[in-house]
Amino acid sequence: MPGGRLTQHERQQISIGLADDLAYAEIARRLDRPTSTITREVMRNGGPAAYRADLAQRATERRTHQRKPTTPRGEQPPVPAHGRDADAVHEYEEAFITILMQSGLPRMAASVLTCLYTSDAGSLTAAELVQRLRVSPASVSKAVALLENVGLVRREVEGGRRERYSADNDAWYQSMIAAARSNAELADAARRGVNVFGRDTPAGNRLQNMARFVDFVAESIARAAEQAREILNTNIADER
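Now for a look at the structure at hand. Since the model is a prediction, treat every value here as computed from it, not as a measurement. (Residues numbered from 1 in each chain as written. Predicted model: local features only at pLDDT ≥ 70, side-chain atom pairs only at ≥ 80, totals over all residues. Heavy atoms only, no water.)

**Some details on unusual backbone geometry**
Consideration 1: Even without glycine at this site, Asp32 takes up a positive phi of about 55°.
Consideration 2: By the secondary structure assignment, Asp32 is in the loop between helix H2 (24–31) and helix H3 (35–44).
Consideration 3: Phi at Arg134 is positive, roughly 55°, even though this residue is not glycine.
Consideration 4: Within the fold, Arg134 resides in the loop between helix H7 (126–133) and helix H8 (137–149). (Helix = DSSP H or I, 4+ residues; strand = E, 2+ residues; numbered from the N terminus.)

Here you go:
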């Protein structure tokens, strides 16, 4: 359908084509689309180097949503807590999801994490997440598993079998420490390369500089995370 709106599958194909360094005209030919459509799509969503199919799809959905009424006829919007503006809350959540996606999280994981951070309870059950996001339990389970793996979500079992997920107050500390650990492993790999290629060779010198840089960054991240955690925990204790 050359004249229709691009689908998520087509956007994924565009992303693959860009990764393969195909010309816009070739990508357009494979999708049976005008070259101008592909060019406009890519340039509108970060350019060839930054184009991501999931973010491009989300941007389109947000634009479509803005043109439609937020509540279908005959339905009453949920009463916002604490007198909050429901539209303002929704707009904020959408923007927050997009920022998390830009940082690397998949769309569903970003949506789940946003729900947890913006709920006053700070925790939700799988059923509550399914209801809020209008997705399948399997989608929620997969997203939670990813978030739990990177230390951003804590899983608890209550009432025998029911699971509750929460945005751990220590989550960002754990995430930063994990990033520092990953960087340290990268630095170690670079140092091993120095021994393989030789310290006095161009390749060995390049790897040595890489190891020094990444080491410095990893140590800085870990030190800053420890300091921030200590300060925040002290402030919380004083408030109590």
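**Focus on the sheet that holds strand S3 (residues 162–166)**
Consideration 1: Spatial ordering of the open sheet is given by S1-S3-S2, a layout of three strands whose pairing is antiparallel. The two strands at the open ends of the sheet, each matched to only one other strand, are strand S1 (123–125) and strand S2 (154–158). Mean inter-strand twist for the sheet, computed between neighbouring axes without regard to direction, equals 30°.
Consideration 2: As paired strands, S2 and S3 are joined by five bridges and run antiparallel to one another. Across the sheet, Glu156 pairs through a bridge with Arg164, a residue of S3.
Consideration 3: Against the sheet, H7 contacts S1 and S3, and its axis sits at roughly 90° relative to S1. (Pairing = 2+ DSSP bridges. Axes fitted to C-alpha atoms, helices over the stretch in contact; angles between N-to-C directions. Contact = heavy atoms within 4.5 Å.)

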